[in-house]
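Listed below are the residues making up each chain.
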Amino acid sequence: MDVNAAVAAAAAIAGVLTGVIAMLAFRWSEREQKRPTRTSLHTDPVLPPGVDTVLSVLRSSAVVLDEADAVVKASSAAYALGLVRGGKLAVEPMLQMARDTRRDGEIRQVELDLPRRGTGRGEALAVSARVAPLGSRLVLLLVEDLTEARRIEAVRRDFVANVSHELKTPVGALSLLSEAVMDASDDPEAVERFAGRMQIEATRLTNLVQELIDLSRVQNDDPLDDAEPVRVDELVAEAIDRCRHAAGTKQITMAAGGTADLHVRGNRGQLAAALGNLVENAVNYSPARTRVGIAARRVNAPGGDQIEIAVTDQGIGISEKDKERVFERFYRVDPARSRATGGTGLGLAIVKHVAASHGGEVTVWSAEGQGSTFTLRLPESGPARARAQRRPDRAGLSAETERSPSSPHTSPYETLPAPEVLP
């Protein structure tokens, strides 16, 4: 009995010890599972509360990096700029900034030029990068695209420089001529000659100031605020009247033709100035005893019918390298001829801005020694389009008017349909 009792007591004690050990092992296992490991710190980082919401509304590209330089969060703009690739920050200078900031906690900012993605022309993307610590383990990178701002600033600097140069020329001439008049006060013929030159320079200065005002107005004003249906026939007649004297002096024949009763919608003053500049350029750059033609027609376009107004001359033409720049401000194909005719180099720039602000465009076809055709395309006015659909009037046009005046396979003079010659 005593032996059996001892065995039973020993078994009971062993069972109790086994249960206690099992319970302790279970609790230790649970505690270890809840404890964060080094692996989880790297693979499952947690953003501070509210940061995700803030980053989603920022205009800048945002990237959050953990302590292993892995991307925790990146905005769509960051991917679009090519900052993040394969879950890593792809720009080495920014990555080095993030490491330095993680080490000392100092906020850093730098401007960089990055190559554009998908272009082989080496165009740079100007960005401003700012790195700051986010909590104890994360780093926040904010990148702002400065490319457009830099382009606008460069345009502004060039514009100011060009304006200063253009204003300096007639002002300097007026100063010299006034001194010459004072020195020749006892010579009536010299005074009269210098006074005539002063009038020419004063007119050039007045024209330059007026075109600067016009260019500023078309850039800042919204033509749709006071838009109205405008008859194309009236715009053509006004442009011809504006250049009638200059054309008569050079014995240049002006011809108008094309489809009648066409309408565009926009600011009448701006449209008249744009077409007038095209016709004036055609007259100024044409030799004596040639012809300038203005033809209007309706063409089909995916977004609705458009009105094409083509101005064709038989002038000196434009080279291939100049055609890409003729719409730049103050750019002149022939500076000597421009100064002789009082040109400012702003006329075509005004045409380009007027066309763009009215939802259209201006293009050029030209060949050296064969002349040029400038085509102004504008959306047709709504009421006029409805009338055209009820009463088609395209059948009366000749085959020449159906060909694009900008086609390189045809002479631009073939686009003028039975013109009405205006003396």
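It should be noted that the structure appears before, not after, this text.
As a starting point, this report considers the structure included with it. Everything numeric here is computed off the predicted structure, so don't read it as measured data.

Some thoughts on the overall build of the chain
In terms of regular secondary structure, the chain is built from 14 helices and 15 strands. Looking at the 423 residues of the chain, the share that counts as buried comes to 38%. Of the contacts made within the chain by residues no fewer than 6 positions apart, 64% connect residues no fewer than 24 positions apart. Accessible surface, the chain: about 23800 Å² in total, of which carbon and sulfur atoms supply 55%.

Describing the nonpolar core
A general feature of soluble globular proteins is that nonpolar side chains tend to end up buried together. The biggest cluster of nonpolar side chains holds 47 residues, and the ones touching the most others in it are V232, M254, V264 and V311. For this core, the element with the most residues is helix α9 (residues 268-284), which contributes eight residues. Setting aside its immediate chain neighbours within four residues, V311 contacts L275, L278, V279, A282, V292, G293, I294, S372, T373 and F374. Counting 23 residues, the second-largest nonpolar core is a separate cluster that includes V71, A78, L114 and L141.

Some thoughts on unusual backbone geometry
With a phi close to 65°, D69 is a non-glycine residue in the positive phi region. Note that D69 resides in the loop between β1 (61-65) and β2 (71-74). On the basis of relative accessible area, D69 is assigned to the buried category, the value being 11%. In this structure, R289 is a non-glycine residue whose phi angle is positive, near 60°. For R289, the position within the fold is in the loop between α9 and β11 (291-299).

Considering helix α5 (residues 92-104)
Here α5 spans 19 Å end to end across 13 residues, near enough to the 18 Å set by a 1.5 Å rise per residue. Considered for burial, the residues of α5 that qualify are M94, L95, M97, A98, D100 and T101. Buried positions along α5 lie against β1, β4 (88-89), β5 (108-115), β6 (124-134) and β7 (138-145). Trailing α5 by a residue or two, G105 shows a phi angle of about 75°, which is positive.

A few points about the layout of surface pockets
Of the pockets and cavities examined, the second largest pocket occupies roughly 200 Å³. Taken together, ten residues make up the lining of the second largest pocket; nearest its centre are C243, H245, A246, V283 and N284. Looking at the lining of the second largest pocket, the elements that each hand over two or more residues are α8 (232-249) and α9. With five residues, the top contributor of residues to the lining of the second largest pocket is α8.

Analysis parameters
Each chain carries its own residue numbering, running from 1 in the direction its sequence is written. Reporting of local features is limited, given that this is a predicted model, to residues whose pLDDT is at least 70; pairs of side-chain atoms are given and counted only at 80 or more, and all residues count toward the totals for whole chains, interfaces and linings. Hydrogen atoms and water are omitted, and side-chain values are computed over all heavy atoms in the structure. Numbered from the N terminus, helices here are DSSP runs of H or I no shorter than four residues, and strands are runs of E no shorter than two. Exposed residues in this analysis have more than 50% of their type's maximum accessible area, buried residues have under 20%, and partly exposed residues fall in between, with area computed by a 1.4 Å probe over protein chains only. Throughout, a contact is declared for two residues whenever any of their heavy atoms are within 4.5 Å. To be clear on the numbers: accessible area is Shrake-Rupley with a 1.4 Å probe, and residue cover counts the displayed protein chains and nothing else. Residue types Ala, Val, Leu, Ile, Met, Phe, Trp, Tyr and Cys, when buried and joined through side-chain atoms within 4.5 Å, form a set referred to as a nonpolar core. Expected helix span is computed as 1.5 Å times (number of residues minus one). Here a cavity means grid points, on a 1 Å grid over the protein atoms only, where a 1.4 Å probe fits yet cannot get out; a pocket means an open set of points with protein on both sides within 12 Å along at least five of seven lines; lining residues are those with an atom within 4 Å of a point. Grid points are joined across faces, edges and corners, and a volume is the space filled by probe spheres set on the points.

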